[in-house]
Amino acid sequence: GDAMAQSSMYVLAGQLDPQVTAVVVTGCAVAGLGSSVLKLCTRAVCGDLRSDTRTFFAVSSLLILICLFTLRLALSLIERTHSQPCEEQRLISKKREAQTVASISTITVYRETLLVIWKPIVALFLIFFVTLSLFPGPIASFVSSGLLTQRWIAVLLISSFNLFDCFGRLLLQRRLFDKIPDYLLAIDADGDDDTTTDTDTGAPHFCNVDTMLLYPSLARFGFLPLIIACHSTTLPILHRDGVRLCIVSLMAVSNGFLAASCFMIGPVMMVSYADRGERGGSASGSVYGDRHRDAASLLLMLSSIGGLTAGAFFESIVDTVVTLNARGDL
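So, here's what we can say about the structure. (Residues numbered from 1 in each chain as written. Predicted model: local features only at pLDDT ≥ 70, side-chain atom pairs only at ≥ 80, totals over all residues. Heavy atoms only, no water.)

1. Regarding the overall build of the protein
How we decide: Helix and strand definitions here come from DSSP, where helices need a minimum of 4 consecutive H or I residues and strands a minimum of 2 consecutive E residues; each element is numbered from the N-terminal end. Note on exposure labels: buried denotes an accessible area under 20% of the residue type's maximum, exposed denotes more than 50%, and partly exposed covers the range between, all computed with a 1.4 Å probe on protein chains only. All accessible-area figures derive from a Shrake-Rupley calculation using a 1.4 Å probe, and residue coverage is judged against the displayed protein chains alone.
Each helix and strand counted, the protein has 12 helices and zero strands in total. Reading the protein from its N terminus to its C terminus gives the helix and strand order α-α-α-α-α-α-α-α-α-α-α-α. A total of 330 residues make up the protein; the buried ones form 44% of that total. Working note: accessible area of the protein is about 17,100 Å², and carbon and sulfur atoms make up 68% of it.

2. Some words on the nonpolar core
Generally speaking, a soluble globular protein has its nonpolar side chains buried in company with each other. Heads up, the condition is: Working definition of a nonpolar core: buried Ala, Val, Leu, Ile, Met, Phe, Trp, Tyr and Cys residues. They are joined through side-chain atoms within 4.5 Å. Residue contacts are defined here by distance: any two heavy atoms, one from each residue, within 4.5 Å place the two residues in contact.
Counting residues in hydrophobic clusters, the biggest one holds 36 residues, and the most contacted among them are Ile-117, Leu-124, Leu-184, Leu-213, Phe-263 and Ile-265. When contributions to this core are tallied by element, the ones reaching two or more residues are α1 (2–14), α2 (18–45), α5 (118–134), α9 (209–219), α11 (241–278) and α12 (289–326). Counting residues per element, this core draws most heavily on α11, which supplies 11 residues. When residues no more than four places from it in sequence are discounted, the contact partners of Ile-265 are Pro-120, Leu-184, Leu-185, Phe-206, Val-209 and Leu-213. Of all hydrophobic cores here, the second largest spans 23 residues; its members include Phe-129, Ile-139, Ala-229 and Val-322.

3. Section: a nonpolar patch on the surface
Threshold: A patch consists of residues whose relative accessible area exceeds 30% and which take part in no salt bridge; residues with like charges are grouped when within 9 Å of each other, and nonpolar side chains (Val, Leu, Ile, Met, Phe, Trp, Tyr) when within 5 Å. What makes a salt bridge here is a side-chain nitrogen of Lys or Arg within 4 Å of a carboxyl oxygen of Asp or Glu, nothing more.
A surface patch of nonpolar side chains, amounting to about 440 Å² of accessible area, comprises Leu-163, Phe-164, Phe-167, Leu-176 and Phe-177. Within the secondary structure, Leu-176 is located in the loop between α7 (149–170) and α8 (179–184).

4. Observations regarding unusual backbone geometry
The general pattern is negative phi for most residues beyond glycine and trans for most peptide bonds. Along the chain, Phe-135 connects to Pro-136 via a cis peptide bond; the corresponding omega equals 5 degrees. Secondary-structure assignment places Pro-136 in the loop between α5 and α6 (137–140).

5. Here's the deal with the pattern of salt bridges
Think of it this way: side chains of opposite charge can pair up when their charged atoms draw near. A full pass over the atoms with the stated rule returns five salt bridges. In this structure, Arg-43 engages Asp-52 in a salt bridge whose closest nitrogen and oxygen atoms are separated by 2.8 Å. Judged by its relative accessible area of 0%, Asp-52 falls in the buried class. A salt bridge links Arg-244 to Asp-241, with the nearest nitrogen and oxygen atoms 3.4 Å apart. Taken together, the residues span about one helical turn, with Arg-244 and Asp-241 both in helix α11 at a distance of three residues. Each member of the pair, Arg-244 as well as Asp-241, is classed as buried. Salt bridges sharing common partners tie together Lys-39, Arg-43 and Asp-52.

6. A short note on the packing of aromatic side chains
The condition is simple: In this analysis, rings of Phe, Tyr and Trp, with Trp reduced to its six-membered ring, are considered paired at centre separations within 6.5 Å, and the interplanar angle assigns stacked below 30 degrees, edge-to-face beyond 60, and tilted for intermediate values. By definition, being over a ring means that NZ of Lys or CZ of Arg is both within 6 Å of the ring centre and within 35 degrees of the ring normal.
According to the stated counting rule, one finds five aromatic pairs in the structure shown. Relative to Phe-221, the ring of Phe-129 has its centre 6.1 Å away and its plane inclined at 40 degrees; by these criteria the two rings are tilted. With Phe-129 in helix α5 and Phe-221 in the loop between α9 and α10 (223–230), the pair connects residues that are 92 residues apart, well separated along the chain. Residue class for Phe-129 comes out buried when judged on its relative accessible area of 13%. The interplanar angle of 15 degrees and the centroid separation of 4.0 Å between the aromatic rings of Phe-135 and Phe-161 together place this pair among those described as stacked. One end of the pair, Phe-135, is in the loop between α5 and α6; the other, Phe-161, is in helix α7, with 26 residues separating them in the sequence. Both residues of the pair, Phe-135 and Phe-161, count as buried. These aromatic residues form a ring-pair network of at least three members: Phe-125, Phe-129, Phe-221 and Phe-314. Lying over the aromatic face of Phe-56, Lys-39 brings its terminal NZ or CZ to 5.3 Å of the ring centre.

7. Re helix α4 (residues 106–116)
For clarity, the threshold we go by: Here the arc refers to the set of directions running from the helix axis out to each C-beta atom.
Turning to α4, its buried residues number three or more, namely Val-109, Glu-112, Thr-113 and Val-116. What you see down the axis of α4 is that its buried residues fit within an arc of 100 degrees, all on one side.

8. A short note on the packing of α2 against α7
Heads up, the condition is: In this analysis, axes come from line fits to C-alpha atoms, helices being fitted only over the stretch in contact, and the angle between any two N-to-C directions falls in the range 0 to 180 degrees. Oblique is the label for every angle not falling under 35 degrees (roughly parallel), over 145 degrees (roughly antiparallel), or within 65 to 115 degrees (roughly perpendicular). Crossings are classed by handedness, with left-handed meaning an anticlockwise turn of the near helix from the far one by less than a right angle and right-handed meaning a clockwise turn. In the scheme used here, Gly and all other residues not listed as nonpolar or charged are polar, with Ala, Val, Leu, Ile, Met, Phe, Trp, Tyr, Cys and Pro taken as nonpolar and Asp, Glu, Lys and Arg as charged.
Close contact between α2 and α7 brings their axes to 9 Å; oriented N to C, the two are set at 155 degrees. When the axis of α2 is compared with that of α7, the two are roughly antiparallel. Seen along the crossing, α2 lies across α7 with a hand that is left-handed. Here Val-25, Thr-26, Cys-28, Ala-29, Val-30, Gly-32, Leu-33, Ser-36, Lys-39, Leu-40, Arg-43 and Ala-44 of α2 lie close against α7, whose contacting residues are Arg-151, Trp-152, Val-155, Leu-156, Ile-158, Ser-159, Asn-162, Leu-163, Asp-165, Cys-166, Arg-169 and Leu-170. Counted by class, the contact of α2 with α7 contains 14 nonpolar, five polar and five charged residues.

9. A look at the packing of α5 against α9
In helix packing, the relevant descriptors are the interaxial angle and the interaxial distance, both defined with respect to the helix axes. Two elements in contact, α5 and α9, have axes whose closest approach is 8 Å; the angle formed by their N-to-C orientations is 30 degrees. Taken together, the axes of α5 and α9 are roughly parallel relative to one another. The chirality of how α5 crosses α9 is left-handed. Every residue of α9 that contacts α5 at Lys-119, Pro-120, Val-122, Ala-123, Leu-126 and Ile-127 is listed here: Val-209, Asp-210, Leu-213, Leu-214, Ser-217 and Leu-218. Its residues assigned to classes, the contact of α5 with α9 shows nine nonpolar, one polar and two charged.

What follows is the structure, given as structure tokens:
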């Protein structure tokens, strides 16, 4: 259910302005932050772990019911106020789809999309692989040095991660930081009509994809030995709660910013690719823009799920290394 809901949201957002995608990914982070705040509140109010857990799930269930009711109310209002435009748009989309299905296969659409946005796809996989390798298991298993206390350290570190992950995604909100999204989506100054700036696929060259997505996602592998070292007492400075909090926060900011950037730029790259085809490039033409954007959103979603799955499996290896390192066997 979660996979179906998220994939649908990202596909729908990919059809619209990139800022809509930024809002969707930020909303996911806000939900995680809200869960952490609720956990902090129940931990502070309840005395023991059992009552803390029961209270948390009871309040969470109530909040989910309220959200479902609010969503149903919002959808009914939208249907009443925009039913006619939505129906017209649906008819137009069906007509365009009928025109394109006979001309281009789904395999071709996904192949073209993969050739254009392979860098965001690879970057997104690496981002979530590193994150799930370390979060929440190895991070939540830190032994407090005294500042945060053992009762609070796991909850505070997880809450800190969710907070700074949300902040990283907010960096792409144009109303707050307009220069960052512009820099991310920048195309070479010569424009996509200059063949010297085009990739082999004929797509315009987004000149900052490497520096803002691919290289930072590779650099995040440095968090693996750093978090493992934080479990060891051989480096006293890394064994302090404050230093650990800073490292986790930095990892969270990079996770939120880079993941949101990948989801934003993928559909935009395919829009430019389709427009290029209309002007004589190697793309199939702008009439296929909707299908390419859908494919981009789905491929990015599959990449994130693959990274989460691989990272979750790799976490067991990291846990073993952390245990051996904490005992001084490494």
